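So the chains spell out like this:
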Amino acid sequence: MKTYIHKIYRYLFVSLTVICSSCENILETVPTDRISSEVYWQTEQDAIYAANAIYNYLNGTRIFVFDGMTDILHANVQYSDNASMERGEYDSNMALVQTVWSDSYEGIRAVNYFLENVGRITVEDRQNLDILSAEIRVIRAYLYMQLVMLYGDVPLVERTIDNIQEGKNLKRDATEKVWAFINEELDETASILPETAEQIGKITKGAALALNARAYLYQSKWEEAATRAKAVMDLNRYDLYESYETLFSYAAENNKEVILDKQQIKDIRANNVFTFLAPFSQRKQGPTFVPTKAIFDAYRMTNGKMIHEEGSGFSNETQYENRDPRLHYSIYLPGDILPDGTIYRPEPGSGSQDAVGNTYLATSLGYNVKKYINKEDYEDPSNCGINIILLRYAEVLLTYAEAKIEMNEIDDSVLDAINQIRTRPDVNMPPVTAGLSQQEMRDLIRNERMVELAFEGHRLFDCRRWRIAEEVFPGKVYGLVYKNEQGEWETITIEGFVKVFDPEKHYLWPIPQKEIDLNKNFEQNPNW
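Residues numbered from 1 in each chain as written. Predicted model: local features only at pLDDT ≥ 70, side-chain atom pairs only at ≥ 80, totals over all residues. Heavy atoms only, no water.

Draft legend 1. Summary view of the overall build of the protein chain. Of the regular secondary structure elements, the protein chain holds 20 helices and 8 strands. For the protein chain, the C-alpha radius of gyration of 24 Å lies close to 24 Å, the compact-globule estimate for 528 residues. Over its C-alpha atoms, taken along the principal directions, the protein chain stretches across nearly 85 × 50 × 50 Å. Counting the 528 residues in the protein chain, one finds 57% classified as buried. Contacts in the protein chain between residues at least 24 apart in sequence constitute 69% of all its contacts with a sequence separation of at least 6. As presented, the protein chain carries roughly 22,200 Å² of accessible surface, and 48% of it is formed by carbon and sulfur atoms. (Helix = DSSP H or I, 4+ residues; strand = E, 2+ residues; numbered from the N terminus. Rg over C-alpha atoms; globule rule 2.2 N^0.38 Å. Buried < 20%, exposed > 50% of the residue type's maximum accessible area, 1.4 Å probe, protein only. Contact = heavy atoms within 4.5 Å. Areas by Shrake-Rupley, 256 points an atom, 1.4 Å probe, with all protein chains shown as cover.)

As structure tokens, this is what we get:
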């Protein structure tokens, strides 16, 4: 897949050169600012290049921005737009609100344009073209899922819009209609796509099924979610990767747990995840988001108890010991080795570049994200080639378990799904046993999603669908617990900063004001 990203740019450049040099009659000149549909869509290879380009509309580092609006991450710079989103001080003119809408519909238009033109290609066997079409229909469903979760009712556009007036006549379609479209698309594409792809990174049957399981989970359609998740499990194509610690490393790319990711390559189609998240000392640029005490506290003790439970054995003196290993694999904690080989020392007064208060760019809470931070990116932190995982097998197992729990069908298959994750070789947490109530199992699976999928873009959507955002998001932001100069335990707090979540408005983003100005049919979401 990565080689195709490079090839498409080379191909488009050559094609454009040929187009421009072959025009003899100026009145019949093919546009020179793009490849004209009159000369494109001739071969199957044209379709391959076009489809590969559409993969770029999948989310990359934006998944961290979504988590940054929740209780598990905090915007490190207090005057940023990200911090304003946390404080609830955003509106329909906020850049992120407009950008996510625009990017999503740009991707949807690209898919629609592909589907309307791919039929012009003449081939003896259309199977490959049908597969390509199915791949990008999955991407369109992915984008619509994002739109409906963020904005609610949105225009369902299944063809390209030819003129401004037609665009102005669009109306917002009901959420139920958009979900029905997503469900139908993912079911149909799953019947077309192969179980394995010829190129690494291409969308397969498993991706369509797994994404549909997520969609049904978001809709609280438990039976359908469990059925789709079980279908993925029954493919026997996926399994948990042996090491959670290295799951987000270059060495583990394209492993058996990955179902859908955004393929990246240095110099060609890179991301800036190292710059985005790494500790300040590594390249002196500072992280955009840092983990909170809320996520630190969510990791259980190795005896299976939450840290505040009686008999957990937790104490401030030994707060990093005997904890769920995923804590150490996901978050930089004091004493950890950094990519440059130095020791992470974020405690105020430690004298380290990463010490809280050393600079406004250093972590404000004493923690830093460890997932996706690889030493291979240290020298060129804005040019990272690490793939961003968007859907992995662990999520499928959690989806299956949650759906069955909500149906109160808590059988051995539910325990097995959860325990596969908890007993990953380098996690090895105590297995869940039978006998818990439905509410106890619900609390357990929600905690398991919180820690297993931390910093992977799920928390915002999970808390929204569980309708608990107003309980867990608002309030002061807390960080590291450390011993101050007086030898007393102190918790880092961001003075004067309070997260806000108003349940009367914040369960949906506002429709971008620009879209309302352009289309009078669009009504704003409630209380915006």
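What follows picks up the thread again.
Draft legend 2. Examining the side chain of Asp-324 more closely. Within the element layout of this structure, Asp-324 appears in the loop between α13 (293–298) and α14 (325–330). Looking at Asp-324, the relative accessible area reads 2%, which means it is buried. Setting aside residues up to four positions removed in sequence, Asp-324 forms contacts with Tyr-299, Arg-300, Met-301, Thr-302, Val-427, Met-429 and Val-451.

Draft legend 3. Expanded view of unusual backbone geometry. One non-glycine residue, Asn-236, lies in the positive phi region at around 55 degrees. Relative to the assigned elements, Asn-236 resides in the loop between α10 (222–234) and β2 (258–262). Judged by relative accessible area, Asn-236 falls into the exposed class, the value being 67%. A positive phi angle is found at Lys-284, which is not glycine, with a value near 55 degrees. Assignment of secondary structure puts Lys-284 in the loop between α12 (280–283) and β3 (289–291). Classification of Lys-284 as partly exposed rests on a relative accessible area of 47%.

Draft legend 4. Representation of the nonpolar core within the structure. Counting 163 residues, the largest nonpolar core has Phe-114, Tyr-144, Tyr-151, Ile-182 and Trp-509 as its most contacted members. Ranked by residues supplied to this core, first place goes to helix α6 (residues 127–151) with 17 residues. With residues up to four places along the chain from it excluded, the contact list for Trp-509 reads Phe-66, Met-69, Met-85, Tyr-90, Leu-96, Val-97, Val-100, Leu-150, Tyr-151, Arg-464, Asn-525 and Trp-528. (Core = buried A, V, L, I, M, F, W, Y, C linked by side-chain atoms within 4.5 Å.)

Draft legend 5. Quick peek at empty space enclosed by the protein. Here the structure, examined in full by the defined rule, presents 5 cavities of 30 Å³ or more. In this model, the largest cavity occupies a volume close to 200 Å³. Lining the largest cavity are 14 residues; nearest its centre among them are Asn-59, Tyr-142, Arg-214, Gly-457 and Phe-461. Secondary-structure elements contributing two or more residues to the lining of the largest cavity are α3 (62–67), α6 and α9 (205–218). Of all the elements, α6 adds the most residues to the lining of the largest cavity, at 4 residues. Taken together, the residues of the lining of the largest cavity break down into 8 nonpolar, 4 polar and 2 charged. Estimates place the volume of the second largest cavity at around 100 Å³. Considering the residues around the second largest cavity, the lining is formed by Met-69, Met-85, Glu-86, Tyr-90, Leu-460, Arg-464, Phe-473, Lys-499, Val-500, Phe-501, His-506 and Trp-509. Breaking the lining of the second largest cavity down by element, the ones donating at least two residues are α4 (81–86) and α18 (459–466). Among the residues forming the lining of the second largest cavity, the class breakdown is 8 nonpolar, 1 polar and 3 charged. (1 Å grid on protein atoms, 1.4 Å probe; cavity = no way out; pocket = protein on both sides within 12 Å on 5 of 7 lines; lining within 4 Å. Points joined across faces, edges and corners; volume = space filled by probe spheres on them. Nonpolar A, V, L, I, M, F, W, Y, C, P; charged D, E, K, R; others polar.)

Draft legend 6. Focus on helix α2 (residues 44–54). Taken across its 11 residues, α2 has 8 buried, putting it largely inside the fold. Every buried residue of α2 is listed here: Asp-46, Ala-47, Ile-48, Tyr-49, Ala-50, Ala-51, Asn-52 and Ile-54.

Draft legend 7. View of the pattern of salt bridges. Across all of its chains, the model carries 36 salt bridges by this definition. Put simply, Glu-185 and Arg-137 hold a salt bridge, and the shortest N to O gap is 2.8 Å. With Glu-185 in helix α8 (residues 175–192) and Arg-137 in helix α6, this pair connects stretches of sequence that are 48 residues apart. An identical accessibility class is assigned to Glu-185 and Arg-137; each is buried. (Salt bridge = Lys/Arg side-chain N within 4 Å of Asp/Glu carboxyl O.)

Draft legend 8. Structural view of the side chain of Glu-395. With respect to the element layout, Glu-395 can be found in helix α15 (residues 393–406). Within the structure, Glu-395 has its side chain in polar contact with the side chain of Arg-214 (distance 2.8 Å). Aside from chain neighbours lying at most four places away, what touches Glu-395 is Arg-214, Leu-390, Arg-449, Leu-453 and His-458. (Polar contact = N/O pair within 3.5 Å; in protein donor to acceptor, adjacent residues only side chain to side chain.)

Draft legend 9. Representation of the packing of α6 against α8. Between α6 and α8, the shortest axis-to-axis distance is 9 Å and the interhelical angle comes to 155 degrees. Comparing the axis directions of α6 and α8 gives the class roughly antiparallel. Crossing angle aside, the handedness with which α6 passes α8 is left-handed. Residues Asp-130, Ile-131, Ala-134, Arg-137, Val-138, Arg-140, Ala-141, Tyr-144, Met-145, Val-148 and Met-149 of α6 form the contact with α8, whose participating residues are Thr-175, Val-178, Trp-179, Phe-181, Ile-182, Glu-185, Leu-186, Glu-188, Thr-189 and Ile-192. Partitioning the contact of α6 with α8 into residue classes produces 14 nonpolar, 2 polar and 5 charged. (Axes fitted to C-alpha atoms, helices over the stretch in contact; angles between N-to-C directions. Parallel < 35°, antiparallel > 145°, perpendicular 65-115°, else oblique. Left-handed = near helix turned anticlockwise from the far one by under 90°.)

Draft legend 10. The arrangement of the layout of surface pockets in detail. One number sums up the size of the second largest pocket: a volume of about 590 Å³. Lining the second largest pocket we find 21 residues, and of these Tyr-105, Ile-161, Gly-167, Leu-170 and Glu-515 sit closest to its centre. Sorting the residues of the lining of the second largest pocket by element identifies α5 (95–117), α7 (164–168) and α20 (513–518) as the ones contributing at least two each. Sort the elements by how many residues they give to the lining of the second largest pocket and α5 lands first, with 7 residues.

Draft legend 11. Local environment of the packing of aromatic side chains. A complete count under the given rule lists 26 aromatic pairs for this structure. With centroids separated by 5.3 Å and ring planes inclined at 15 degrees, the aromatic side chains of Phe-296 and Tyr-367 adopt a geometry described as stacked. Of this pair, Phe-296 sits in helix α13 while Tyr-367 sits in the loop between β4 (331–332) and β5 (368–369), and the two are 71 residues apart along the sequence. Note on Phe-296: relative accessible area 2%, which makes it buried. By relative accessible area, which is 0% here, Tyr-367 ends up buried. Taking the centre distance of 5.5 Å and the plane angle of 85 degrees together, the rings of Phe-473 and Phe-501 count as edge-to-face. Of this pair, Phe-473 sits in the loop between α19 (469–472) and β7 (475–483) while Phe-501 sits in the loop between β8 (489–499) and α20, and the two are 28 residues apart along the sequence. Of the two residues examined, Phe-473 and Phe-501, each falls in the buried class. (Phe/Tyr/Trp six-rings, centres within 6.5 Å; stacked < 30°, edge-to-face > 60°.)

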